[in-house]
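Descriptive structure summary
Chain by chain, the residues run as shown.
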Amino acid sequence: MGNLNDYKNIWVFIETECGKAKNVGYELINAARPLADQKGCPLVAVVIGKDIERVAKDAICYGADSAIIVDGPEYEYYTTDAFTKAMVTLVEKYKPETLMIGATNNGRDMGPRVSCRLKTGLTADCTGIDIDEETGNIAWTRPTFGGNLMAVIMCPEHRPQMGTVRPGVFKKGAYDEGRSGEIVKEEIHVASGEIRTTLVERVNEVAEAVNLEEAEIIVSGGRGVGSAENFKLLEDLAAELGATVGCSRAVVDAGWMPHAHQVGQSGKTVAPKLYFAIGISGAIQHLAGISGSDTVIAVNKDEDAPIFEVADYGIVGNLNEVVPALTAAFQARKA
Amino acid sequence: MNICVCMKQVPDTNEIKVDPETHTLIRKGVPSIVNPFDTYAQEVGVRLKEQLGGKLIVLSMGPEQAKEAIKSCLAVGADNGYLISSRSFGGSDTLATSYILSEAIKAVEEKEGLKFDLILCGKQATDGDTAQVGPEIAEHLDLPQITYALDIVEKDGEIQVKREHDSGYDMISTKLPAVVTVVKLPYEPRYPTIKSKMAAKKKEIPVLAEADIPSIKLELCGLNGSPTRVKKTYTPVREKSGVKLAGMEAKDAADQVVKLLEEAKLL
Ligand SMILES: Cc1cc2nc3c(=O)[nH]c(=O)nc-3n(C[C@H](O)[C@H](O)[C@H](O)COP(=O)(O)OP(=O)(O)OC[C@H]3O[C@@H](n4cnc5c(N)ncnc54)[C@H](O)[C@@H]3O)c2cc1C
Ligand SMILES: Cc1cc2nc3c(=O)[nH]c(=O)nc-3n(C[C@H](O)[C@H](O)[C@H](O)COP(=O)(O)OP(=O)(O)OC[C@H]3O[C@@H](n4cnc5c(N)ncnc54)[C@H](O)[C@@H]3O)c2cc1C
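Residues numbered from 1 in each chain as written. Chains lettered and ligands numbered in written order. Predicted model: local features only at pLDDT ≥ 70, side-chain atom pairs only at ≥ 80, totals over all residues. Heavy atoms only, no water.

Some remarks on the overall build of chain A
Test applied: Helix numbering and strand numbering both begin at the N terminus, where a helix is a DSSP run of H or I of at least 4 residues and a strand a DSSP run of E of at least 2. Atoms counted for the radius of gyration: C-alpha only. Globule rule: 2.2 Å times residue count to the power 0.38. When a residue's accessible area, from a 1.4 Å probe over protein chains only, is under 20% of the maximum for its type it is buried; when over 50% it is exposed; and in between it is partly exposed.
Looking only at helices and strands, one finds 9 helices and 17 strands in chain A. Here the C-alpha radius of gyration of chain A, 21 Å, is about what a compact globule of 335 residues would show, namely 20 Å. Here the C-alpha coordinates of chain A stretch approximately 65 × 50 × 40 Å along the principal axes. Residues counted as buried form 63% of the 335 residues belonging to chain A.

Remarks on the site of ligand 2
Counted only if it meets this: Think of it this way: one heavy atom of a residue within 4 Å of a molecule or strand is enough to make that residue near it. Under the rule applied, a polar contact is a pair of N or O atoms within 3.5 Å (in protein, one hydrogen donor and one hydrogen acceptor; residues adjacent in sequence only if both atoms are side-chain atoms). In these tables, accessible area is a Shrake-Rupley quantity obtained with a 1.4 Å probe, and a residue counts as shielded only by the protein chains included in the view. Side-chain classes are defined by residue name, with Ala, Val, Leu, Ile, Met, Phe, Trp, Tyr, Cys and Pro counting as nonpolar, Asp, Glu, Lys and Arg as charged, and the others, Gly among them, as polar.
Taken together, the neighbourhood of ligand 2 is formed by 33 residues, with Cys6(B), Lys8(B), Asp38(B), Thr94(B) and Thr130(B) sitting nearest. With respect to ligand 2, its neighbouring residues span chains A and B. In the environment of ligand 2, an oxygen atom lies 2.9 Å from a nitrogen or oxygen atom belonging to the backbone of Gln132(B). About the coverage of ligand 2: the protein hides 91% of its 940 Å² of free accessible area. Residue assignment for the shell around ligand 2 shows that the elements contributing at least two residues are strand E6 (122-126), strand E8 (138-144) and strand E9 (149-154) of chain A together with strand E6 (56-61), helix H3 (94-112) and strand E8 (118-122) of chain B. Among the residues making up the shell around ligand 2, the classes are represented as 13 nonpolar, 13 polar and 7 charged.

Digging into the sheet that holds strand E9 (residues 145-155) of chain B
Each strand in a sheet pairs with another by means of backbone hydrogen bonds, the pair being arranged parallel or else antiparallel. Short version of the rule: A pair of strands counts as paired when DSSP detects no fewer than two bridges linking them. For this analysis, residues touch if any pair of their heavy atoms sits within 4.5 Å. Orientation is described by lines fitted to C-alpha atoms, with helices fitted over the stretch in contact, and by angles between N-to-C directions that extend from 0 to 180 degrees.
The sheet built from 10 strands is open, its strands ordered E12(A)-E11(B)-E10(B)-E9(B)-E12(B)-E8(B)-E1(B)-E6(B)-E7(B)-E13(B) with mixed pairing. The open sheet terminates on both sides in strands that have one partner only, identified here as strand E12 (197-204) of chain A together with strand E13 (207-208) of chain B. Two strands pair when backbone bridges link them, and strand E10 (residues 158-165) of chain B and strand E11 (residues 168-175) of chain B are joined in this way by 8 bridges, in the antiparallel orientation. Along E11(B), the bridge assignment pairs His165(B) with Gly168(B). Seen against the sheet, helix H1 (residues 36-52) of chain B touches strand E1 (3-6), E6, E8, E9 and strand E12 (178-182) of chain B and runs at an angle of roughly 155° to E8(B). Relative to the sheet, helix H4 (residues 133-140) of chain B contacts E1, E8, E9 and E12 of chain B, its axis offset from that of E12(B) by approximately 180°.

Observations regarding the confidence of the model for chain B
Note the threshold: For every residue, the predictor reports its confidence as pLDDT, a number between 0 and 100.
Chain-level pLDDT for chain B is 94 on average; 99% of the residues reach the 70-or-more range. Confidence metrics for the complex model read pTM 0.93 and ipTM 0.94.

Describing the sheet that holds strand E13 (residues 217-221) of chain A
Across the sheet, 6 strands lie side by side as E14(A)-E13(A)-E15(A)-E16(A)-E17(A)-E15(B); this open sheet has parallel pairing. Two strands in the sheet have a free side with no partner beyond their single neighbour: strand E14 (244-247) of chain A together with strand E15 (243-245) of chain B. Neighbour-to-neighbour, the strand axes of this sheet turn through a mean angle of 15°, independent of strand direction. For strand E15 (residues 274-278) of chain A and strand E16 (residues 295-300) of chain A, the ladder comprises 5 bridges, and the chain directions are parallel. By the bridge assignment for E16(A), Ile278(A) is matched with Val299(A). Contacting E13, E14 and E15 of chain A, helix H5 (residues 231-241) of chain A runs over the sheet at an angle of about 175° to E13(A). Against the sheet, helix H6 (residues 250-263) of chain B touches E15, E16 and strand E17 (313-316) of chain A together with E15 of chain B, its axis set at about 180° to E17(A).

Some details on H4(B)
With 6 of 8 residues buried, H4(B) is to be regarded as a mostly interior element. Every buried residue belonging to H4(B) is among Gly134(B), Pro135(B), Glu136(B), Ile137(B), Ala138(B) and Glu139(B), and all of these are buried.

Looking at the interface of chain A and chain B
Where the parts come together, the accessible area they lose is often given as the size of the interface. Quick note on the threshold: In this description, buried area is defined as the sum, over both parts, of the accessible area (probe of 1.4 Å) that is lost when the two are combined. Salt bridges are defined as contacts in which a side-chain nitrogen from Lys or Arg sits within 4 Å of a carboxyl oxygen from Asp or Glu.
Between chain A and chain B, the contact holds 85 residues from the first and 80 residues from the second. Overall, the association of chain A and chain B removes approximately 7,200 Å² of surface from exposure, summing both partners, and the carbon and sulfur fraction of that is 54%. In terms of surface lost to chain B, no three residues of chain A exceed Arg113(A), Phe145(A) and Tyr313(A), which account for 10% of the buried area on that side. Here chain A and chain B share 7 salt bridges between them. Here Arg163(B) ties to Asp109(A) by a salt bridge, and the two come within 3.9 Å at their closest N and O atoms. In this assembly, chain A and chain B are joined by 39 residue pairs in polar contact (both at pLDDT 80 or more). For the side of chain A that touches chain B, the residue count by class is 37 nonpolar, 25 polar and 23 charged. Pairing analysis gives 3 bridges linking E17(A) to E15(B), with the strands arranged parallel.

Considerations on the nonpolar core
We count it as follows: Nonpolar core, defined: a set of buried Ala, Val, Leu, Ile, Met, Phe, Trp, Tyr and Cys residues in which side-chain atoms within 4.5 Å join the residues together.
Ile3(B), Leu118(B), Leu120(B), Ile152(B), Ile159(B) and Val180(B) are the most contacted members of the largest nonpolar core, which totals 40 residues. The element best represented in this core is H1(B), accounting for 6 residues. Other than its neighbours up to four places away in sequence, Leu118(B) contacts Met1(B), Asn2(B), Ile3(B), Cys4(B), Leu48(B), Ile159(B), Leu176(B), Ala178(B) and Val180(B). One finds Val219(A), Val252(A), Leu274(A) and Leu319(A) within the second-largest nonpolar core, a separate group that totals 37 residues.

Overview of the pairing of strand E10 (residues 161-165) of chain A
Walk down a regular strand and you will see the side chains alternate between the two sheet faces. All names here are of chain A. Most of E10 is tucked away: 5 of the 5 residues are buried. On E10, burial covers both faces: Gln161, Gly163 and Val165 on one face and Met162 and Thr164 on the other are all buried. Pairing of strand E5 (residues 98-102) with E10, which is carried by 5 bridges, proceeds in the parallel orientation. What sits directly across from Ile101, in E10, is Thr164. Sheet analysis places E6 next to E10, joined by 3 bridges and oriented parallel. Looking at the pairing, Leu122 lines up with Met162 of E10.

Here's the deal with the site of ligand 1
Of all residues adjacent to ligand 1, which total 28 residues, the nearest are Arg223(A), Ser248(A), Ser266(A), Ser281(A) and Asn300(A). Residues close to ligand 1 are split across chains A and B. Leu319(A) places a main-chain nitrogen or oxygen 2.9 Å from a nitrogen atom of ligand 1. Within the complex, 82% of the 990 Å² of free accessible area of ligand 1 lies under protein. Elements with a minimum of two residues in the shell around ligand 1: helix H6 (249-253), helix H7 (284-290) and helix H9 (319-334) of chain A together with H1 of chain B. At 3 residues, H1(B) tops the list of elements feeding residues into the shell around ligand 1.

Here it is, written out as structure tokens:
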């Protein structure tokens, strides 16, 4: 590791697919903005993808000072090998002090590959980012033990200090059309032989991508819902609220819902404003996925269900009666 | 197909409680288990081995007691297991852990006189929860990786992996050798039989320390080889003074919750 002082600036990786950005990149720009101001250093958006100039501009409008883009057909879909090579090449050239990556599946695939190649530290799935007053290092806060223990991690002697950050924890900033900044294009190309994986096919099990990570309201059902057909009750409530439908793993295992809807440790980590847990007992693996929710509303017939321990509002009762009543109550409110 | 499964012994997080006074985790008396995601890695590995032949070997880095976890893998289809254990390996972050494991993998290949075609990991360990060790092993060994696997099948000497995606899954193929991390399977891991448990119990589990891993560089292990530092830990205070409505008519309870949400300006 060379001189630590050679490393400057805060970078945020903006993940794209087919030219479209994931929200978490913009969220991280908003999260990093005060840190960059405090350090008095530029905040740089790094975009790798295909046809992404628009994304780089948007990143600046959301608060970045400038952007670096790597554009090419080989980046249309994510691959570990191409994205790692591009990112490592950029870091070696520009030496950023800090690199933040959204903790999506692809972000958590690329992050450790990049940090390992650079022989630096990576903090996983953070929910808090601060500057340590004493040392000026980034203090990354992250949940461990399924959310039972929070840890503050630092990377004192290696650069860049890297972290993957959980989607939905930080909110996007205001879009300021008037902001401008430099967009630097880097030509980094990866021969197809260097990419060792092939996307054979993409199978869509649901008509539209289920965007649980970015949903503001989620209506989730568990085994208590009883059947695939009975999810209709939850879909009605979700339609009324403009919400996305989620579920527990028991529901996926029963074949009532595809895995894309699953919330929890082996599904999606979510951070909505409102999370409805309906007929969900509240197993730790489920709770691990919902700890970022602002407000949890639980419906369960078992008064002692653990879900009530984390719920802000709970209704003890039969979901077959309570859910339609909730839908009606929200409807009545609008009228 | 020769398969290496990397397995971590973890405390059963279902059983972990927080001490209300000290706000620390109570680990005493908490049973240790095979990391649940690693049981999936092991199960898909055993199925591939049964279909294609070859050996399945389990590696685990940890204290002496992790031998128990290795034995439970032997009881459900693993051929051999190695414990990687040494004082110099303690305090490793994921960079150092993955480095030690990757060097151990090479040493075990040497000892067993084989080359691994497939290295399987769980998506993440339920204690450290980083999901970083798998991709980092792949990087140390310069192998392709596929993460978030939902299933793995072999096809013409390659593997095809169902990888989790927002709207379903991607089918991704790669040549071997490769590293795959497993999140879930379409089937449950098998249970041991009394006979297989007895056989596993009798089996010697060799322990590998630095002397048994000739290529290992100690400065890359343990705290010395770890760029990250845990500065502090604390248990999150759940200051939820939750409202629980019980014994009410569904309509009244629903109206009440909507009213409360409105008053709290949450709608
Ligand atoms: C490695 C690993 C990873 C896992 N990952 C996940 C994950 O990502 N997500 C996840 O959810 N789980 C996960 N699990 C599984 C988890 O441990 C639980 O088994 C699961 O969350 C239970 O789902 P559930 O709450 O829907 O079902 P149950 O625990 O069976 O709960 C059903 C609830 O419905 C209530 N109920 C029944 N009927 C009614 C009714 N008519 N009205 C009102 N309430 C009713 C019951 O009182 C009960 O509380 C994982 C487990 C492991 C080991
Ligand atoms: C509170 C806390 C927070 C931490 N945060 C970080 C952090 O942000 N960044 C960081 O680099 N380190 C961190 N560490 C250190 C890290 O937990 C250890 O390096 C640990 O040994 C491996 O990480 P993991 O448990 O997250 O494994 P994961 O990367 O989640 O494990 C994935 C898979 O790798 C395999 N595997 C992992 N460990 C072993 C093993 N010992 N033997 C065999 N196979 C294994 C298994 O197949 C497992 O399913 C933290 C430690 C603590 C106590």
